[in-house]
Every structure is written in C-alpha cells, then in structure tokens.
2 protein chains.
Amino acid sequence: MKKIWIVYLLLIGFFLLYVLDYRSQSQLNEQWKTAGLRGEIDEKYVMVTFQMGIDYWKSSLKGFEDAAQALNVSVEYRGSTQRDIHEQITVLEQIIAKRPAGIAISAIHPVDLTETINKAVDAGIPVVLFDSDAPGSKAYSFLGTNNYSSGVRAAQKMAELTNESGQVAVVTTPNQQNHQERTDGFLATIQRDYPEMKVVAVKNGKGDQIYSRQSAEEILQDYPDIAGIFATEANGGIGVAEAVRENGRDQRPKIISFDTDKGTLDLVKNGDISATMAQGTWNMGYWSLQFLFSLGHDRNTAQIAGMPPVPEQVDTGITVVTRHNVDDYYAK
Amino acid sequence: MKKIWIVYLLLIGFFLLYVLDYRSQSQLNEQWKTAGLRGEIDEKYVMVTFQMGIDYWKSSLKGFEDAAQALNVSVEYRGSTQRDIHEQITVLEQIIAKRPAGIAISAIHPVDLTETINKAVDAGIPVVLFDSDAPGSKAYSFLGTNNYSSGVRAAQKMAELTNESGQVAVVTTPNQQNHQERTDGFLATIQRDYPEMKVVAVKNGKGDQIYSRQSAEEILQDYPDIAGIFATEANGGIGVAEAVRENGRDQRPKIISFDTDKGTLDLVKNGDISATMAQGTWNMGYWSLQFLFSLGHDRNTAQIAGMPPVPEQVDTGITVVTRHNVDDYYAK
C-alpha cells in the first residue's frame, strides 16, 4: 500500500512539473509571437558631441536614453570637452575600434570629420548625424532643425507681437550658414506676408553678447521707432536685451531670441525677451537611436533592395517659448 | 524507513516545483524589465490614400505593415478609388467615427482636407501625413520626398550621363508645386555646378504621355544636339522615350524619368530611359506608423512639455534606378 502511495505521489509530482514547465514554455511562445521591437542589453549605441559639458545636449541625450530604454539597449555618451576637431576625431576613432551597435554624432565641422565618419560606415557600423550635419559623408541620415523654417516661425511670432506693423531688425552671425538660413527665413516671411512691416537693419553680432549689444544700441539710435529685434542665437539675445533695458524708453521693442539656455529662459520669465525658439532636441536623440536600431536590425530587409534604409533628412521641429510656458523648459 | 522515503520524495518534489516556479517568475520579470516597444493587436492604425488601386502605394503600405508587425499592432488600408476629394473626406469621416489608434493620410488636396484632418486631431487621434502634404492642418508630421533635392540628384545623374557637357531640357508640369520644385532643383544644380552644361528648354508636358511626347519632339527639332532630357513624372518619361526612339538619331539624348511604375522600369531595363528617380515610399509607411505609435503611447511624456512630440518634417529620400539595379524595383 505504501509503495502505491509513493507511485501516486511521484505521478502527481511529475504532472505538476509538466504543468509548470508547459506554463513557462507557453510564456516563451507568446513572447516570441508578439516580441515587439527589442534589442539586447549588451547592444551599445554611442552619442558623440563636442563641448560635452554644455546644457544644450542634455535634452538630446535624454531622448537617446529614452529610446534605448524603450528598446532594451545600452547607451554611452562621449565627445570632446571643447570645440576641438582633433579631439572629436580621436574620440570617434576610439569608438570605432570598439565596434558599437551604432553611432549618433553631432559634427563639429561639416567637412573635417567626413573621413572618420566614412571609416565607421565602411566598417559596417550604422552612423547618423544630428544637430550639426556633415553633408558629404556616408552617414545614413541627418536629424536637426530646419533653420530656414525656424526663421519663418520667428517672423510669424514677431508679427503677432507687433500687431503686424512697424520696423523690425535682425542681429545675427552672417558667416555661419545656420544663422544665415534663420535670417533668410525671417526676411522672406516679413516681406511676403506682412506688408505693414519692414526689416530696416540686419547687423552682425558675431555670436557674442558684447558685439550684439553694440549692434542693438546702433539700431535703437538709428531707428527710434523700432518695434522688434530678432536675435538668431542666445548670446546675441542676451546682449540685445541689455541694450533695450538700458535704453529705457517707454515702448520697448519686442525681442525674439533662440535656444533655451538658463540665461535666456530667465529673461523670458521676467519679460525682457518676449519669445525664444526652442529646437526639438529630444526628437534628435530619440529618433537618432530609433534609426540606428532600425539600421542595425535590418528592419528594412523586407523592403525593395535599393531604397534608402532610413529617411535621409529629418526636421525635428521648433516650438515657441514665452512667459506662459517657460517653466517647462528649465532643465530638471 | 518507507515513511522517511515519502518525506524525502515530497521534499525533493517541492524543491523542484519551487525551482520551476522561480524560473517562470524570473522570465516574467525579465520580460517586464526589457519589454521593448510593443503594442496590442487590437490597436488599429489606418492608412488612407486616394486612387487606392495604383502600384505607387504598394511599397508605402508594405512599410506600414512591416512596422505594425514589428510593434505587434494591426493595420487597415482605406481610401478613395479615384482622385475624388469628397470620397476621401467621407472615408476619413467614417474612420474617425471608429476612433482608431492613429491615421496616416496622403492628402489628395493641400487645403480641402484640412478641416477633416483637424477634426481627427481634436478628437485625440494621432494623425500624420505622408507623400502629399496638407501644410495648414494640425497633423503632427509630414513624411515625403523633398522634391527640390530630388531635382538636384537628377541633375547630378544627368551630368554623369552626359560627361558634364552639352544642352539639356526638362519636360514637367509647371502648375503643380512638387514638379516645379523638382525642376527648380535641377535648374539650380546645372547652373551652379556644371559650367559646360546648359538647360535650353523647359516644356509643359501636362503630366500626360501624348503632350510630353509632343514637347520632346519640339525639343529634338529645335536643339538637334540635345544631350539629355529630364521628365519630372512617369507619364512624361514614357512620352519622351517614344519621341526619342522614333526620332532615330545615332546619338540619342539620355532620358531621366521619375518613379518606378512598371512601364518606366521596362524602359529602364531596355535602355530607352537611362535612369529614374525612386522615392523612399517604404520609409514613408514604416516611419508613419512608428510616429503614430509614439504619439499614441506618449513616448514623449518623459521629455520637456512644450517640445514637438515627433519630427515635423521627414525627407524620406531618393534613390537612382538604372539598368544595373532595375530588377530590385519590380513589385514582388
């Protein structure tokens, strides 16, 4: 009788084992059928910038990390500490040697990095560019701001702030292509869409607070009725705001600036700067990693062989920051 | 002694049960931690086009389906059978009523669909546009070909085919914006980069095979040394090819056409058309669904509140099809 008990117990035990094992196996099957987009945690994607310490990159890196977390892969953040081309090339060479799953790079120079970028692509490493392009390289995509469009948006905001009438001016850095494009978009839009408005001056602020302040002082002197000034970069915006504040007239011209560093946000908050243009930096990081993942996992193998595997160019968008939404933009 | 055996067996059995259960639990934990991007199969994303039957949409739909499969969600394909604005509006209204997880739409008209698109967005349904934009609508993104860039690429290919010298011409549809942009990109590139080349004629082929053929006959008559003709759309390319073939001169002008319908591919294969520009249609569909998924799953909640949740504009890219790679482009 006791032997039969042992046999019963063994049979019951094995049956339970069988049920449990079946349960775990069917979980595996379900996971397989509906796996979703998911990589391995030892798949490492590297973000490379220059001037690594500045606030500007934080939101791009956050996007890069958010995408990595969503896709179950790892990230590393590298770059040069200064605006140093040779240092960025050296860092990139070191990264290539480790053969990561993909590299997203903001190019410090549109030409000088091309050879190293091509070396990575030729070694089979997916590469995309973000924020600053290297148009002649073999990188698969560029994700960044359409600077001309951002100038259009600034002009529309300026028209709103000035009731679509009066004289306006621009303080920019004419020899830098992204700033020239912002200016072009602004000028073309004012001219085409706002007949009661006129751009009376375009000054060179050299991307510098002091020079931009001087430019603004000249504008205030030459055009006492000036209704608005657009600064195409952040240092310039702060300089222009200083000039306007010290000028102390009753009807202050409206100022529109660019980017969302703390100094600019503080001036938006206190009203010295009416609006600033925020770039879609989170999108740059998030979709850079998505594109690299897609390239690395041959997501496009099902498609027609010769087609571009990821989009060639992505305009990551612009939003307008005013005192009403400025609190959202302070780094958390 | 036998009682002790039973106790031993029970202990061993429970230990095995414990190990197995732990194993299945830890799988669940791992699945949670590293879930990847994954939706539910009852999450339905709808692609909407016009002229549903034509080959042109096949590759976009394939991209849309590939992304849905990767993300474990469902798709539906809807649209108007003809180029009928009212039909597309009606279909869109029906889709909105069913509250799908997202809608990717190729707008038959840049303005007339705006109200209906906005209705969808206001109802909380993510909407992106692909291939044909409705720039004034509230849709979150546009994914399509940068037509100016495609004209630049056509000019570069034409320069390669003609050894960068000689007279060239364009047959286009001047009153359609995308064709005007293709022409602009072509003209600007020839003028800027190829001093030994000259665009001697830009003719209106009206998007029609017969008219384009007549235009090409006029070009062949007026410019007997013509080295190349760029047709900015597929019907025109076939018409131009007919004119050149019947003209029967020894040194035939090189023809570059647009898109990859079967008629065009056949002429590329037999050499009548030297190259045709293929749009990144798979990218349009694949990344439309990725963007809709991202919008629907609030992938951007971690980011700064005011930033654009997905990129505003995506250039899905262009590839050049010649007899060397033409076989890849036939619909499978």
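Naming follows an unreviewed UniProt entry, where chain A appears as Sugar ABC transporter substrate-binding protein of Paenibacillus lentus. As stated in UniProt under Subcellular location (unreviewed entry), the record for chain A gives "Cell envelope". Per UniProt, chain A has the following entry under Sequence similarities (unreviewed entry): "Belongs to the bacterial solute-binding protein 2 family."

For the rest of this paragraph, the subject is the nonpolar core. Side chains of a nonpolar character, in soluble globular proteins, are inclined to be buried together. Core analysis: the largest hydrophobic core is formed by 148 residues, its most contacted members being A:Ile103, A:Ile105, A:Ile117, B:Ile103, B:Ile105 and B:Ile117. With residues near it in sequence (within four places) discarded, A:Ile103 still touches A:Val46, A:Val48, A:Leu92, A:Ile95, A:Ile96, A:Ala120, A:Ile125, A:Pro126, A:Val127, A:Val128 and A:Leu292.

Moving on to a nonpolar patch on the surface. Taken together, the side chains of A:Ile4, A:Trp5, A:Val7, A:Tyr8, A:Leu11, A:Ile12, A:Phe15, A:Leu16, A:Tyr18 and A:Val19 make up a nonpolar region of the molecular surface, amounting to roughly 1,100 Å² of accessible area. A residue is classified by how much of its surface remains accessible, and A:Val7, at 46% relative accessible area, is partly exposed.

One can find B:Gln279 in strand β10 (residues 275–279). The class of B:Gln279 is buried, set by a relative accessible area of 7%. A polar contact of 3.3 Å, which involves the side chain of B:Gln279, links it to the side chain of B:Tyr56. When neighbours within four sequence positions are excluded, B:Gln279 is seen to be in contact with A:Met307, B:Tyr56, B:Asp131, B:Thr145, B:Arg182, B:Phe258, B:Asp259, B:Met284, B:Gly317 and B:Ile318.

Moving on, we get to empty space enclosed by the protein. One way to see where empty space is left: roll a probe the size of a water molecule over the atoms. Applying the stated criterion across every chain, the model contains one cavity of 30 Å³ or more. Here the largest cavity defines a volume of roughly 30 Å³. A per-class count over the lining of the largest cavity returns two nonpolar, seven polar and two charged.

Attention shifts here to the sheet that holds strand β7 (residues 197–204) of chain B. Residues and elements named next belong to chain B. Taken together, the six strands give an open sheet; going across it, the order is β7-β6-β8-β9-β10-β12, and neighbouring strands pair in mixed fashion. Two strands in the sheet have a free side with no partner beyond their single neighbour: β7 and β12 (318–321). Going across the sheet, the axis of each strand differs from the next one's by a mean of 20°, ignoring polarity. Direction of pairing for strand β6 (residues 166–172) relative to strand β8 (residues 228–231): parallel, over a ladder of four bridges. Within the sheet, the bridge partner assigned to Val-170 lies in β8 and is Phe-230.

Our next topic: the UniProt feature "domain: Periplasmic binding protein" (unreviewed entry) in chain A. This chain's UniProt record puts "domain: Periplasmic binding protein" (unreviewed entry) on residues 47–294 of chain A. Here residues 47–294 of chain A is 48% helix and 20% strand, with 16 Å between the C-alpha atoms at its ends.

In this section: unusual backbone geometry. Phi is positive for A:Lys206, close to 55°, though the residue is something other than glycine. The backbone of B:Asn163 sits at a positive phi, close to 55°, despite the residue not being glycine. Summarising the element assignment, B:Asn163 is placed in the loop between α5 (147–161) and β6. Accessibility expressed as a relative area gives 67% for B:Asn163, which makes it exposed.

It is worth spelling out the confidence of the model for chain A at this point. All names here are of chain A. Scored by pLDDT, chain A has a mean of 90; 93% of the residues are at 70 or more. Overall, residues 28–33 carries pLDDT values under 50, and its contacts beyond four positions in sequence, including any with other chains, amount to three contacts. For this predicted complex, the interface confidence comes out at an ipTM of 0.81, alongside a pTM of 0.83.

As a further point, take the environment of B:Thr276. All names here are of chain B. Position of Thr-276 relative to the elements: it lies in strand β10. Between the C-alpha atoms of Thr-276 and Arg-323, which are 47 residues apart in sequence, the distance is 9.8 Å. Side-chain polar atoms of Thr-276 contact the backbone oxygen of Ser-257, separated by 3.3 Å. Within polar-contact distance, the side chain of Thr-276 engages the backbone nitrogen of Phe-258 at 3.1 Å.

Quick look at the packing of aromatic side chains now. Counted by the stated rule, this structure contains 16 aromatic pairs over all chains. In this structure, A:Arg182 packs its charged tip against the face of A:Phe258, placed 3.7 Å from the ring centre.

Turning our eyes to something else, we now look at the sheet that holds strand β4 (residues 127–130) of chain A. Ordered in space as β2(A)-β1(A)-β3(A)-β4(A)-β5(A)-β11(A)-β11(B)-β5(B)-β4(B)-β3(B)-β1(B)-β2(B), the twelve strands form an open sheet in which the pairing is mixed. Of all strands in the sheet, those bounded by a partner on one side alone are β2 (74–79) of chain A together with β2 (74–79) of chain B. The sheet shows a mean angle of 20° between the axes of neighbouring strands, direction not considered. Where strand β4 (residues 127–130) of chain B meets strand β5 (residues 142–144) of chain B, two bridges bridge the pair, whose relative direction is parallel. Each bridged residue has a counterpart across the sheet, and for B:Phe130 the counterpart in β5(B) is B:Leu143. Taken strand by strand, helix α4 (residues 114–122) of chain A contacts β3 (102–105) and β4 of chain A, and its axis lies near 145° from that of β4(A).

Attention now goes to a positive patch on the surface. Side chains of A:Lys2, A:Lys3, B:Lys2 and B:Lys3 sit close together on the surface and give a patch of like positive charge. Counting residues per element, the ones that place at least two in the positive patch are α1 (2–33) of chain A together with α1 (2–33) of chain B. Structurally, B:Lys2 can be placed in helix α1.

Residues and elements named next belong to chain A. Compared with an ideal rise of 1.5 Å per residue, which puts 15 residues at 21 Å, helix α5 (residues 147–161) spans 21 Å between its outermost C-alpha atoms and is within 8% of the ideal. Considered for burial, the residues of α5 that qualify are Asn-147, Ser-150, Gly-151, Val-152, Ala-154, Ala-155, Lys-157, Met-158 and Ala-159. Put simply, Asn-146 is the residue that caps the front of α5, since its side-chain oxygen is 3.2 Å from the backbone nitrogen of Tyr-148. Looking at the residues trailing α5, positive phi occurs at Asn-163, about 55°.

Attention shifts here to the pattern of salt bridges. Residues and elements named next belong to chain A. Evaluation of the coordinates by the stated rule reveals 34 salt bridges over all chains. Linking Asp-55 and Lys-58 is a salt bridge whose minimum nitrogen-to-oxygen distance equals 3.3 Å. Here Glu-218 ties to Lys-203 by a salt bridge, and the two come within 2.9 Å at their closest N and O atoms. Taken as a pair, Glu-218 in helix α7 (residues 209–222) and Lys-203 in strand β7 (residues 197–204) lie far apart in primary sequence, 15 residues in all.

The next thing to look at is the packing of helix α8 (residues 234–247) of chain B against helix α9 (residues 262–269) of chain B. Residues and elements named next belong to chain B. Running from amino to carboxyl end, α8 crosses α9 at an angle of 40°, the nearest separation of the two axes being 9 Å. As far as their axial angle goes, α9 and α8 are oblique. Classified by chirality, the crossing of α9 by α8 is left-handed. Residue-level inspection shows Ala-234, Ile-238, Ala-241 and Arg-245 of α8 in contact with α9, the latter providing Gly-263, Thr-264 and Leu-267.

Turning next to the environment of B:Tyr56. Residue and element names in this part refer to chain B. Here Tyr-56 lies in the loop between β1 (44–49) and α2 (58–71). By relative accessible area, which is 22% here, Tyr-56 ends up partly exposed. Along the chain, Tyr-56 and Lys-262 lie 206 residues apart, while their C-alpha atoms are 10.0 Å from each other. Non-local contacts of Tyr-56, meaning those with residues more than four positions away in its chain, are made with Asp-131, Asp-259, Gln-279, Thr-281 and Met-284. Among the polar contacts made by the side chain of Tyr-56, one reaches the side chain of Asp-131 at a distance of 2.5 Å.

Quick notes on the rules
- Residues numbered from 1 in each chain as written.
- Chains lettered and ligands numbered in written order.
- Predicted model: local features only at pLDDT ≥ 70, side-chain atom pairs only at ≥ 80, totals over all residues.
- Heavy atoms only, no water.
- UniProt positions renumbered as here; feature names shortened; annotations may be inferred.
- Core = buried A, V, L, I, M, F, W, Y, C linked by side-chain atoms within 4.5 Å.
- Buried < 20%, exposed > 50% of the residue type's maximum accessible area, 1.4 Å probe, protein only.
- Contact = heavy atoms within 4.5 Å.
- Patch = residues over 30% accessible without salt bridge, like charges linked within 9 Å, V, L, I, M, F, W, Y side chains within 5 Å.
- Areas by Shrake-Rupley, 256 points an atom, 1.4 Å probe, with all protein chains shown as cover.
- Salt bridge = Lys/Arg side-chain N within 4 Å of Asp/Glu carboxyl O.
- Helix = DSSP H or I, 4+ residues; strand = E, 2+ residues; numbered from the N terminus.
- Polar contact = N/O pair within 3.5 Å; in protein donor to acceptor, adjacent residues only side chain to side chain.
- 1 Å grid on protein atoms, 1.4 Å probe; cavity = no way out; pocket = protein on both sides within 12 Å on 5 of 7 lines; lining within 4 Å.
- Points joined across faces, edges and corners; volume = space filled by probe spheres on them.
- Nonpolar A, V, L, I, M, F, W, Y, C, P; charged D, E, K, R; others polar.
- Pairing = 2+ DSSP bridges.
- Axes fitted to C-alpha atoms, helices over the stretch in contact; angles between N-to-C directions.
- pLDDT = per-residue confidence, 0-100.
- Phe/Tyr/Trp six-rings, centres within 6.5 Å; stacked < 30°, edge-to-face > 60°.
- Lys NZ or Arg CZ within 6 Å of the ring centre and 35° of its normal.
- Lys, Arg positive; Asp, Glu negative; His and termini not counted.
- Charge placed at Lys NZ, Arg CZ, Asp CG, Glu CD.
- Expected span 1.5 Å × (residues − 1).
- Parallel < 35°, antiparallel > 145°, perpendicular 65-115°, else oblique.
- Left-handed = near helix turned anticlockwise from the far one by under 90°.

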